[in-house]
Amino acid sequence: MGKKRVLSGIQPTGSLHLGNYLGAIKHWVEGQDDKENFICIVDLHAITVYQDPEALRQSARRTAALLIACGIDPQRTTLFVQSHVRAHAEACWLLTCVTPLGWLERMTQFKDKSGKQETVGAGLLTYPVLQAADILLYDPDEVPVGEDQKQHVELTRDIAQRFNSLYGETFKLPEPVIPKVAARVMGLDDPTQKMSKSATGSGHAVGLDEDDAQIVKTFKRSVTDSGREIVFSDKPEKAGVKNLLEIYRAITGKSQADVLADFADARGYGDLKTRVAEVVVEALAPIRGRSRELLEDPAELDRLMAVGADRASKHAEAKLALIKERMGF
Ligand code: TYM
């Protein structure tokens, strides 16, 4: 049997954070040896809300540097920028025409995000169809994502199924793969909210390129509860402590029991926060260093992205040709 194929994507705008790393990037890196990996920097998705053009142009490069610094190897992974592969936008239109409006209106991310905008761009609604195009152009077996993206991958399956039933078997149905630990890292200032790029304000997220002192400060200020018990519990008041323990567990790769054993001698939440911050700093410092080095040679990053786009285009163009043929073009 050949290698399983994997495709996933990440938005380049805002700073990449610990949630992106633990929920997604780390698993993409781990899968590189025994899977055929495609990782897409989704700049076309970013413009569903206004982006400053110059900042957007820089953001793809910065994201590429961070992903490579996290361990994505452009030799073993086809790492590319979405807007460099024209087939994504074209396939998006074709798939839009087989997607019922009601399916898009039901997406929780659309409901959340559209509520926060004064003017809701149509792109915010059709965003998951572009995501379906990203995925279906490559026939992946697996789509490794954090929990928040599960609904979009399920919608992709629905769109694929609908297309197959209208036009004949064309798409393989991809499986969402959600990590067992840290599938939903919560904000450190508010453990009821998912850690996200759009929630700005200090104390919320830990950026992958933040300095050690800032990371420690964010953890020290993180919201917990008024008790002292260090336990994995689903009680709402324990959400902050659980989030810290999950972060520690994901980074160290330890079992729940071993994590609790590590904290058996902790004197309250102060100790907990300091030790979690320590493992995070240790994991992120080399990533930050390496990404800064890579950014010193933008021409080399551009070259790597051009190679990735070339490899990705070969797959995407062939699939797009089939889709068009099936639809009668
Ligand atoms: P994005 O850019 O918001 O996030 C990239 C990846 O990080 C995961 N993630 C998290 N995991 C755990 N805890 C968190 N707090 C957290 N925040 C983010 C996300 O689940 C995701 O896996 N629509 C996608 C990008 C996309 C895509 C695709 C993904 C476009 N096309 C095709 C897969 C396949 C997004 O906005 O991810």
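Here's a quick rundown of the structure. These numbers were taken from a predicted model, which means no experiment stands behind them.

Calculation criteria
- Residues numbered from 1 in each chain as written.
- Predicted model: local features only at pLDDT ≥ 70, side-chain atom pairs only at ≥ 80, totals over all residues.
- Heavy atoms only, no water.
- Salt bridge = Lys/Arg side-chain N within 4 Å of Asp/Glu carboxyl O.
- Helix = DSSP H or I, 4+ residues; strand = E, 2+ residues; numbered from the N terminus.
- 1 Å grid on protein atoms, 1.4 Å probe; cavity = no way out; pocket = protein on both sides within 12 Å on 5 of 7 lines; lining within 4 Å.
- Points joined across faces, edges and corners; volume = space filled by probe spheres on them.
- Nonpolar A, V, L, I, M, F, W, Y, C, P; charged D, E, K, R; others polar.
- Core = buried A, V, L, I, M, F, W, Y, C linked by side-chain atoms within 4.5 Å.
- Buried < 20%, exposed > 50% of the residue type's maximum accessible area, 1.4 Å probe, protein only.
- Contact = heavy atoms within 4.5 Å.
- Near = heavy atom within 4 Å.
- Polar contact = N/O pair within 3.5 Å; in protein donor to acceptor, adjacent residues only side chain to side chain.
- Areas by Shrake-Rupley, 256 points an atom, 1.4 Å probe, with all protein chains shown as cover.
- Pairing = 2+ DSSP bridges.
- Right-handed = clockwise from strand over helix to strand, strands pointing away.

Some remarks on the pattern of salt bridges
In step 1: Inspection of every chain in the model, using the stated rule, returns 26 salt bridges.
In step 2: Linking Arg76 and Asp33 is a salt bridge whose minimum nitrogen-to-oxygen distance equals 2.5 Å. Taken as a pair, Arg76 in the loop between helix 3 (53-70) and strand 3 (77-81) and Asp33 in the loop between helix 1 (18-30) and strand 2 (35-41) lie far apart in primary sequence, 43 residues in all.
In step 3: Sharing partners across several salt bridges, the network here consists of Lys4, Lys35 and Glu142.

Examining empty space enclosed by the protein
In step 1: Considering all chains together, one arrives at two cavities of 30 Å³ or more under this definition.
In step 2: Approximately 70 Å³ is the volume found for the largest cavity.
In step 3: What lines the largest cavity is Met107, Gln109, Phe110, Lys113, Leu124, Leu125, Tyr127, Pro128 and His152.
In step 4: Considering every element that reaches the lining of the largest cavity, the biggest residue donor is helix 7 (residues 122-136), with four residues.
In step 5: Among the residues making up the lining of the largest cavity, the classes are represented as six nonpolar, two polar and one charged.
In step 6: Of the voids in this model, the second largest cavity is the one considered here, and its volume is about 40 Å³.
In step 7: Together, Pro12, Gly14, Ser15, Leu16, Arg62, Thr63, Leu66, Leu208 and Asp209 line the second largest cavity.
In step 8: Here the lining of the second largest cavity is composed, by residue class, of four nonpolar, three polar and two charged.

Observations concerning the nonpolar core
In step 1: Formed by 55 residues in total, the largest nonpolar core has its most connected members in Leu67, Phe219 and Val280.
In step 2: Of all elements in the fold, only helix 1, strand 2, helix 3, strand 3, helix 9 (212-220), helix 10 (239-252), helix 12 (268-295) and helix 13 (298-327) reach the threshold of two or more residues within this core.
In step 3: Of the residues forming this core, the biggest block, ten residues, is contributed by helix 12.
In step 4: Once residues lying within four places of it in the same chain are set aside, the contact partners of Leu67 are Ile10, Leu16, Ile25, Trp28, Ile39, Ile41, Ile72 and Leu79.
In step 5: Of all hydrophobic cores here, the second largest spans 40 residues; its members include Cys92, Ala133, Val143 and Leu320.

Focus on the site of the ligand
In step 1: Around the ligand, the structure places 28 residues, and the nearest of them are Gln11, Tyr127, Asp134, Asp148 and Val185.
In step 2: Tyr127 is positioned with one of its side-chain polar atoms (N or O) 2.6 Å from a nitrogen atom of the ligand.
In step 3: Separating a nitrogen atom of the ligand from a backbone N or O atom of Val185 is a distance of 2.8 Å.
In step 4: With the chains in place, 96% of the 710 Å² that the ligand exposes on its own is no longer accessible.
In step 5: Broken down by secondary-structure element, the contributors of at least two residues to the shell around the ligand are strand 1 (4-10), helix 1 and helix 7.
In step 6: Within the shell around the ligand, the residues separate by chemical class into twelve nonpolar, eleven polar and five charged.

Some words on the pairing of strand 2
Remember that side chains alternate between the two faces of the sheet whenever the strand is regular.
In step 1: Across the seven residues of strand 2, five count as buried, placing the element largely inside the fold.
In step 2: As judged from the seven bridges shared by strand 1 and strand 2, these two strands associate in the parallel manner. When the sheet's bridge partners are listed, Ser8 is paired in strand 2 with Ile39.
In step 3: Chirality of the crossover, the property in question, places the unit of strand 1, helix 1 and strand 2 among those that are right-handed.
In step 4: With five bridges joining them, strand 2 and strand 3 adopt parallel strand pairing. Opposite Cys40, over in strand 3, you have Phe80 as the bridge partner.

No statement about biological role is implied by the geometric values presented.
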